[in-house]
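# Commentary on secondary and tertiary structure
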Amino acid sequence: MFPIKRTGASTKPIKKAVAAFLDALSPAQRAKCTFPIESNEWRRWHNIEFYQRTGIGLEELNAQQKELAFDILKESLSTKGLEKSRSIMKMEAHLATLRPDNKLLGGEKYWFTFMGTPSAKEPWGWQIDGHHLVINYFVLGSQIVMTPTFMGSEPTYAESEPNKGLRTYETEERKGLNFYQSLNAEQKAKAKLWDKKEMDFNRTEAFRDNEIIPITGISARELTAAQQENLLDLIAEYVGDIRAEHAKIKMEEVRLHVKDTYFTWVQGEKLEDPFYYRIHSPVILIEFDHQTPVAIWDRSKPRPGPVKTHIHTVVRTPNGNDYGKDLLREHLEARHRE
């Protein structure tokens, strides 16, 4: 399902950005954040802010090193993906002002790790890990796997400075709801897994590698051609966080399996209620979830159930290719047999 192949898309700018950053580190800093390509460090990520992280943190870097660190994101992501990542960091800075008691929150509480050595032929990759932003980025030649990717936000709107007016996940939320609303009554009944949203539904967050998710919801085979295109547009909203030429390659892969793709919905009776949706394809799995508040709620009252002001999203590659694992296995078998 995931063969090694030439894609025609370049990974040179990414390699150059990572090499420049690593060259700017001291020997001690470099040793702290570099690991072998097959290291389990890939899987040691978590969204929660008090998780004990490894790698090199943004707060440990000087101004030049920070600029080079953001060049990695600039070259690896699309303009939209970079802006989304920066917006998450800005919202974390805003959250820190709302929760000054929690010193683990902040706009620079993010750590970089690097697996393998940047190469044109050998597999390598990088990871950014922190609260509400985790990206795993595997590179083999001209191929890229950018999963697992975890992105979230609490709150989703900044009402005060320094980032007043900032809003996160408006598009993913709106497009998901609009797609569900475009279904007819029979289609909605098939898509809806549960008519109550009283808990967090995400199934593929940290430490849930190779999670077996039952096929639920409505099959794209039961959608009209226009609805299928709208579903693909919703998927592209997530795939489009990677560099444009690589996003195009991934969407071609998604299109090949569109009729084996399923859409699942969870929501209460009211249109304004919090919701969850999942898109499950042989080559991509996407979750969007309105979550229970963690950092912000009226503590004079019991913690409420899921709210629209706390969002988690996850993108995975099913069938063994998260972290580029299937590509790595094929490469090692073909090139590095004893």
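Refer to the structure above for everything that follows.
Residues numbered from 1 in each chain as written. Predicted model: local features only at pLDDT ≥ 70, side-chain atom pairs only at ≥ 80, totals over all residues. Heavy atoms only, no water.

Bringing the overall build of the chain into the picture now. Broken down by element type, the chain carries nine helices and 13 strands. Taking the principal axes of its C-alpha atoms as reference, the chain extends roughly 60 × 50 × 30 Å. In the chain, which comprises 338 residues, the proportion classed as buried is 54%. Of all intrachain contacts in the chain linking residues separated by at least 6 positions in sequence, the fraction that spans at least 24 positions is 69%. A total accessible area of about 15600 Å² is found for the chain, and carbon and sulfur atoms account for 52% of it. (Helix = DSSP H or I, 4+ residues; strand = E, 2+ residues; numbered from the N terminus. Buried < 20%, exposed > 50% of the residue type's maximum accessible area, 1.4 Å probe, protein only. Contact = heavy atoms within 4.5 Å. Areas by Shrake-Rupley, 256 points an atom, 1.4 Å probe, with all protein chains shown as cover.)

Counting 77 residues, the largest nonpolar core has Phe 21, Trp 126 and Phe 263 as the members making the most contacts within it. With seven residues, the single largest contributor to this core is strand 5 (residues 133-140). Residues in contact with Phe 263, not counting those within four places in the same chain, are Gly 176, Phe 179, Tyr 180, Ala 191, Thr 216, Gly 217, Ile 218, Leu 231, Leu 234, Tyr 277, Arg 278 and Ile 279. (Core = buried A, V, L, I, M, F, W, Y, C linked by side-chain atoms within 4.5 Å.)

Viewed as axis vectors pointing N to C, helix 7 (residues 225-239) and helix 8 (residues 244-256) meet at an angle of 145°, and their least axial separation amounts to 10 Å. As helix 7 runs across helix 8, the sense of the crossing is right-handed. Judged by residue contacts, Glu 229, Leu 232, Ile 235, Ala 236 and Val 239 of helix 7 engage Ala 247, Lys 250, Met 251, Val 254 and Arg 255 from helix 8. (Axes fitted to C-alpha atoms, helices over the stretch in contact; angles between N-to-C directions. Left-handed = near helix turned anticlockwise from the far one by under 90°.)

Here we take up the packing of aromatic side chains. Taken as a whole and assessed by the stated rule, the structure comprises 17 aromatic pairs. Consider the rings of Phe 21 and Phe 114, whose centres lie 5.6 Å apart with planes at 35°: the pair is tilted. With Phe 21 in helix 1 (residues 12-23) and Phe 114 in strand 3 (residues 110-115), this residue pair connects regions lying 93 residues apart in the sequence. Considered together, Phe 21 and Phe 114 belong to a single accessibility category, that of buried residues. Centroid distance Phe 112 to Phe 114: 6.3 Å. Interplanar angle 10°. Geometry classified as stacked. (Phe/Tyr/Trp six-rings, centres within 6.5 Å; stacked < 30°, edge-to-face > 60°.)

Among the five residues of strand 7 (residues 149-153), five are classified as buried, and the element is accordingly described as predominantly covered. Across the two faces of strand 7 the burial is the same, with Thr 149, Met 151 and Ser 153 and Phe 150 and Gly 152 all buried. Alignment of strand 5 against strand 7, held across three bridges, turns out to be antiparallel. What sits directly across from Ile 135, in strand 7, is Thr 149. Bridge count for strand 7 against strand 13 (residues 311-316) is five bridges, and the pairing is antiparallel. Looking at the pairing, Phe 150 lines up with Val 314 of strand 13. (Pairing = 2+ DSSP bridges.)

Considering the arrangement of structural elements, one finds Ile 37 in the loop between strand 1 (34-35) and strand 2 (56-57). Judged by its relative accessible area of 15%, Ile 37 is buried. When near neighbours in sequence (up to four residues on either side) are disregarded, Ile 37 contacts Trp 42, Met 115, Gly 116, Pro 123, Trp 124, Gly 125, Phe 138 and Leu 328.

On to helix 1. If you check helix 1, its first and last C-alpha atoms are 16 Å apart, about what twelve residues at 1.5 Å a residue would give, namely 16 Å. Of all the residues in helix 1, the buried ones are Ile 14, Ala 17, Val 18, Phe 21 and Leu 22. Down the axis of helix 1, the buried side of the element spans an arc of 130°, and every buried residue falls inside it. Opposite the buried face of helix 1, at more than 90 degrees from it, the exposed residues are Lys 12, Lys 16 and Asp 23. (Expected span 1.5 Å × (residues − 1). Arc of directions from axis to C-beta.)

So, on to the pattern of salt bridges. Taken as a whole, this structure holds 26 salt bridges when the rule is applied. A salt bridge links Lys 84 to Glu 172; its shortest N-O distance comes to 2.6 Å. You can see Lys 84 sitting in helix 4 (residues 79-98) and its partner Glu 172 sitting in helix 5 (residues 170-181), a full 88 residues away along the chain. Each member of the pair, Lys 84 together with Glu 172, is buried. (Salt bridge = Lys/Arg side-chain N within 4 Å of Asp/Glu carboxyl O.)

Using a probe with the size of a water molecule, rolled over the atoms, empty space left in the structure can be pinpointed. Quantified by volume, the largest pocket comes out at close to 620 Å³. Taken together, 35 residues make up the lining of the largest pocket; nearest its centre are Ile 144, Val 145, His 246, Lys 250 and Glu 253. Going through the elements one at a time, strand 6 (143-145), strand 7, helix 7, helix 8 and strand 13 are the ones with two or more residues in the lining of the largest pocket. Sorting elements by how many residues they give to the lining of the largest pocket places helix 8 first, with six residues. Broken down by class, the residue content of the lining of the largest pocket amounts to 18 nonpolar, ten polar and seven charged. The computed volume of the second largest pocket comes to approximately 400 Å³. Lining the second largest pocket are 18 residues; nearest its centre among them are Ala 120, Lys 121, Leu 140, Gly 141 and Ser 142. Within the residue set of the lining of the second largest pocket, elements represented by two or more residues are helix 1 and helix 9 (325-335). A per-element tally of the lining of the second largest pocket places helix 9 first, with three residues. For the lining of the second largest pocket, the class distribution of residues is five nonpolar, seven polar and six charged. (1 Å grid on protein atoms, 1.4 Å probe; cavity = no way out; pocket = protein on both sides within 12 Å on 5 of 7 lines; lining within 4 Å. Points joined across faces, edges and corners; volume = space filled by probe spheres on them. Nonpolar A, V, L, I, M, F, W, Y, C, P; charged D, E, K, R; others polar.)

Here the amide bond leading from Glu 154 into Pro 155 is cis, since omega sits at 0°, within 30 degrees of zero. Here Pro 155 is to be found in the loop between strand 7 and helix 5. Across the junction of Glu 161 and Pro 162, the peptide omega takes the value 15°, indicating a cis bond. Topologically, Pro 162 is positioned in the loop between strand 7 and helix 5. Backbone geometry at Tyr 323 places phi at a positive 60°, although glycine is not the residue there. With respect to the element layout, Tyr 323 can be found in the loop between strand 13 and helix 9.

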